[in-house]
Amino acid sequence: MRPTLRLVLCGSVDDGKSTLIGRLLCDSNQVFADQLQKAEEDSRRYGTQAGATDLALLTDGLQDEREQGITIDVAYRVLETPLRRFVVADAPGHEQYTRNMATGASTADLAVVMVDARKGVLPQTARHTRIVAMVGVRHVVLAVNKMDLIGWDRARFEELAEEYRTVAAEVGVGEVVAIPVSALTGDNLTRPSGQTPWHAGPTLLGHLETVELARPAEDQPFRMPVQYVNRPDPDFRGYCGRVASGRVAPGDRMLVSPAGTSASVESIVVWQDTSDRAEQGDSVTLTLKPDVDVSRGDVIAAADDPPQVADQFRAQIIWMGDEPLTAGRPYRMRLHTCEVGAVVTSIRHRVDVSDGSKLAAARLELNDLGAVNLATSRPVPFAPFEQSRELGGFILIDRATSATAGAGTIAYALMRSANVKWQDFDISADVRSALKSQRARCLWLTGLSASGKSTVANQLERRLVIEGRHTYLLDGDNVRHGLNRDLGFTEPDRVENIRRVAEVARLMVDAGLIVIVSFISPFQAERDFARALFDPGDFMEIFVDAPLEVCARRDPKGLYAKAMRGEIKNFTGVDSPFERPERPDLRLDTERLSPEECVALIMERMA
Amino acid sequence: MLESEAIEIIREGVAAATRPVMLYSIGKDSSVLLHLARKAFWPAPPPMPLLHVDTTWKFREMIAFRDRVAAEASVELLVHTNSEGADGAVTPFTHGSDYYTEVMKTAALRQALDAGGFDIIFVGARRDEEKSRAKERVFSFRDAAHQWHPKAQRPELWNLYNTRLDAGGSFRVSPLSNWTEADIWRYIAAEDIPIVPLYYAAERTVVRRGGQWIMVDDDRMPLLPGEVPQRRRVRFRTLGCYPLTAAVESTADTLDAIIAEVLAADRSEREGRLIDHDGEASMERKKREGYF
Ligand SMILES: Nc1nc2c(ncn2[C@@H]2O[C@H](COP(=O)(O)OP(=O)(O)O)[C@@H](O)[C@H]2O)c(=O)[nH]1
């Protein structure tokens, strides 16, 4: 089969993208007679060419688009020439459909950026170029369209190309091939134009057919994220996945990340035969020897060069959610085949898409680009996106709606300690706690309302004080009277509530205190966010557990009764979820244990 | 590359699914899809049943082929017919093709999917078939009423498919999205995949109707005044209900000949499907209503 080149075509609305694709399809004989006939009929109804066939109607497929004459979603077309097979993504121009544009660009090897010769390089052109570069496209062609309308003016073309090269260089796209074209007439698309004797370069199709694509480096280490564990019977256990980089052969030594177990490849199963090798891009099933424990989301990798593993990252984000991104809000994250909880711990900056300047920002709105720090609920194997699209690209998923809220690329991992210690003073946290003869830490009690958090917290603090410890108790309700008086119960406010409490707890631990936090904190990602602020071991997640029915029966403040009557909205356990801790440091069953027994268990764990 | 991509998509779907199913139409795309699913999970059989919506008007050769292939692949075969339209109550002859399709295909499919509670539904759709399909995601979200919302499609970045369905609904998953008709034929040849013999040219009994060749597959087909069944060398580019599927005159009786014919063709294959011509944006509308 002919090699496939995947390309994305982008530009502002009305620059002529749809017309260009229609022309490429037609001129390379990819349009069937009946499809052309249909476009001719449609042209009479919706066309912009006064009844002449509007080639844009070959690709503008959705009813809304035809009625409005704009392209709202990316359309994919396959075309073939004797040299190559092309999958063309026709990306929408409108700013409000930027997420669809990013969808089209993310799988492309090459981008054709169109500009209208009369309008020149627009802010939207810069935006597209930035997104294209961010999602990993390294080859860019600038198609200066509608040259027929400016009389094939060479000087104007060169000026435009120069202006665009500046933009491209700024976003990290080194080489740009510029071509003067007319989508309407087909000049310089599939055949050289008589109008441009001064243009020494190729036609658009000629370039697409011959451009050398950066081949994946031969010497990349082997990596395969596991998609599926195939276990038809006790004798066969295969790990299915697509090779993200490198190559593999039976006998090769492997390391399973993040667990770090090792094994060697026993066989490579593809259909009825086994194979003696597989390489980047192949979908295969591996069997290992010995048969170690591997799950979906793990990465099987070359033992002598395994991937990095981390749980805090610096990343670029393009925001696609209708709700803005704010620090502290919990999401699900998909990174290769791995799904984990994730929370943005801070927004470093927003990028101005037109000139690339970095602006301070408290939130990222729909279609914004920015850089963030991000923490995941557990360590995951990854690679910087620069090295691997497969192991460095991720999406963030809204937990309530399951919508894809953002896409990101990992720049590098952050060291946890580097992230926590923001300024070195002579007196360190260790000194402060040593002076109090104790080990400072944060004991985070999570659980439903009326599960027993306050009771346990109260008795625990008394017990610690009796033993001569220096403590402080942060209680959810009390904090809302002061520090968090300005916050309500909307989702951003709840997130901010937790963020402040966690930050205060961190300062107090730094001051050498044993801090008891008694907070419902219903989301795992919130608790993970808090944990991420502390050194390992300085944070204990204690799950105060009692069944919902029991809590509702206890109901000391009458809150459940109110919530059931609908008088309180978003009440955890009633109309708002409580995510049970995935791996608490300690779980206290308050249905069976007395408060004294709970305190004893905590003291035991702290010893 | 196409094969590896399709297998990756099938595995992602199965990994995410609670109740996966593969819609099996018996056509060449379904044959390729089933073959890919077998490869994806070999040596296990595909971990999902096949679902065939039987309108009772399929070509007889298709039904025989279906039963043979399912048995050979060791997959469970589910067959559903809309009881409302069975026993000759709704036929392509007594009702318009729009209404017939709505009852015997669209409604029947919804019934079968609801009954099975399927959340991941593999289909053999290709983006080159039709314009609204060219815009559909690989994992295409459908709400609880099986409706497609073309304006609110989830972004689909790289090969990261957001397969979460916490708020209900289902996905139509199209592993063959980036294949063309020619790709399908080349792959069938390369992998030696069995297909229904109707794809190969042979002498068949047909009548001329509405400017197209319609096969007289059984004696339920009423002849119109002036129609005379005749023997012609024909084949089918696409398979469906025999009264609604036109044959083309052809001598292509080998895969190589078919591929040569496909590459030289100037009519797209859906032209043989009479339902597509029913109206403006017909396929998008049918899809919004739940036809896949
Ligand atoms: N004169 C001229 N008009 C063009 C050219 N390319 C596109 N157009 C017209 O510009 C308008 C917008 O084109 P269309 O392809 O729908 O733009 P899209 O929004 O980028 O897909 C249509 O009326 C086209 O016919 C060109 O090269 N020259």
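Here, every reference points to the structure presented above.
None of the values given here were measured: they were computed from a predicted structure.

### Some remarks on the overall build of chain A
At step 1: Secondary structure assignment for chain A yields 17 helices and 29 strands.
At step 2: With respect to the principal axes defined by its C-alpha atoms, chain A has extents near 95 × 60 × 55 Å.
At step 3: The buried share of chain A, taken over its 607 residues, is 57%.
At step 4: For chain A, restricting intrachain contacts to residue pairs at least 6 apart in sequence, the fraction spanning at least 24 positions comes to 72%.
At step 5: When the accessible surface of chain A is split by element, carbon and sulfur atoms take 49% of a total near 25,300 Å².
At step 6: For chain A, the centre of its 72 positive side-chain charges and the centre of its 86 negative side-chain charges are spaced 4 Å apart.

### Some words on the pairing of strand 11 (residues 261-270) of chain A
All names here are of chain A.
At step 1: Strand direction decides the pairing type here: strand 10 (residues 253-257) and strand 11, joined by four bridges, are antiparallel. In the sheet register, valine 256 faces strand 11, and the bridge partner there is threonine 261.
At step 2: The hairpin turn running from strand 10 into strand 11, its antiparallel successor, is three residues long, and glycine 260 in that turn takes a positive phi close to 90°.
At step 3: Of the pairings in the sheet, the one linking strand 11 to strand 14 (residues 283-289) comprises five bridges and is antiparallel in character. When the bridges of strand 14 are listed, valine 269 appears paired with threonine 285.

### Section: the packing of aromatic side chains
At step 1: The final tally for this structure, using the stated rule, is 19 aromatic pairs over all chains.
At step 2: Centroid distance A:Trp444 to A:Phe519: 6.2 Å. Interplanar angle 50°. Geometry classified as tilted. Linking A:Trp444 in strand 25 (residues 441-446) with A:Phe519 in the loop between strand 27 (514-518) and helix 14 (524-532), this pair joins segments that are 75 residues apart in sequence. Each member of the pair A:Trp444 and A:Phe519 is classed as buried.
At step 3: These aromatic residues form a ring-pair network of at least three members: A:Trp444, A:Phe519, A:Phe534 and A:Phe539.
At step 4: Here the guanidinium or amino end of A:Arg527 rests over the ring plane of A:Phe578, the centre of that ring lying 5.7 Å away.
At step 5: Geometry around B:Phe141 places B:Arg154 over its ring, the cationic atom sitting 5.3 Å from the centre.

### Some thoughts on the sheet that holds strand 8 (residues 212-215) of chain B
The strands making up a sheet are joined through hydrogen bonds of the backbone, oriented either antiparallel or parallel.
Residue and element names in this part refer to chain B.
At step 1: With respect to topology, four strands assemble into a closed barrel ordered 7-8-10-9, the strand pairing being antiparallel. Each strand axis lies, on average, 70° off the axis of its neighbour in the sheet, ignoring direction.
At step 2: Both strand 7 (residues 202-209) and strand 8 contribute to a ladder of four bridges, which runs antiparallel. Opposite arginine 209, over in strand 8, you have glutamine 212 as the bridge partner.

### Quick word on the environment of B:Val21
All names here are of chain B.
At step 1: Along the chain, valine 21 turns up in strand 1 (residues 20-23).
At step 2: Note on valine 21: relative accessible area 0%, which makes it buried.
At step 3: Put simply, valine 21 and leucine 113 are 92 residues apart on the chain and 8.9 Å apart in space, counted from C-alpha to C-alpha.
At step 4: The contacts of valine 21, once residues within four sequence positions are left out, are Met48, Pro49, Leu51, Leu113, Phe118, Ile120, Ile121 and Phe122.

### Side note on empty space enclosed by the protein
At step 1: Scanning all chains against the criterion turns up three cavities of 30 Å³ or more.
At step 2: When its volume is computed, the second largest cavity comes out at roughly 90 Å³.
At step 3: By residue class, the composition of the lining of the second largest cavity is three nonpolar, two polar and seven charged.

### A few points about the sheet that holds strand 29 (residues 586-589) of chain A
Residue and element names in this part refer to chain A.
At step 1: Read from one edge to the other, the open sheet built from five strands follows the order 26-27-25-28-29, with strand pairing classed as parallel. A single partner strand is all that each edge strand has here, and the edge strands are strand 26 (471-475) and strand 29. Taking the axes of each pair of neighbouring strands and ignoring which way they run, one obtains an average angle of 20° across the sheet.
At step 2: As paired elements, strand 25 and strand 28 (residues 539-545) share five bridges and run parallel to each other. Paired with threonine 446 across the bridge in strand 28 is phenylalanine 543.

Each value, and the rule that gives it
- Residues numbered from 1 in each chain as written.
- Chains lettered and ligands numbered in written order.
- Predicted model: local features only at pLDDT ≥ 70, side-chain atom pairs only at ≥ 80, totals over all residues.
- Heavy atoms only, no water.
- Helix = DSSP H or I, 4+ residues; strand = E, 2+ residues; numbered from the N terminus.
- Buried < 20%, exposed > 50% of the residue type's maximum accessible area, 1.4 Å probe, protein only.
- Contact = heavy atoms within 4.5 Å.
- Areas by Shrake-Rupley, 256 points an atom, 1.4 Å probe, with all protein chains shown as cover.
- Lys, Arg positive; Asp, Glu negative; His and termini not counted.
- Charge placed at Lys NZ, Arg CZ, Asp CG, Glu CD.
- Pairing = 2+ DSSP bridges.
- Phe/Tyr/Trp six-rings, centres within 6.5 Å; stacked < 30°, edge-to-face > 60°.
- Lys NZ or Arg CZ within 6 Å of the ring centre and 35° of its normal.
- Axes fitted to C-alpha atoms, helices over the stretch in contact; angles between N-to-C directions.
- 1 Å grid on protein atoms, 1.4 Å probe; cavity = no way out; pocket = protein on both sides within 12 Å on 5 of 7 lines; lining within 4 Å.
- Points joined across faces, edges and corners; volume = space filled by probe spheres on them.
- Nonpolar A, V, L, I, M, F, W, Y, C, P; charged D, E, K, R; others polar.

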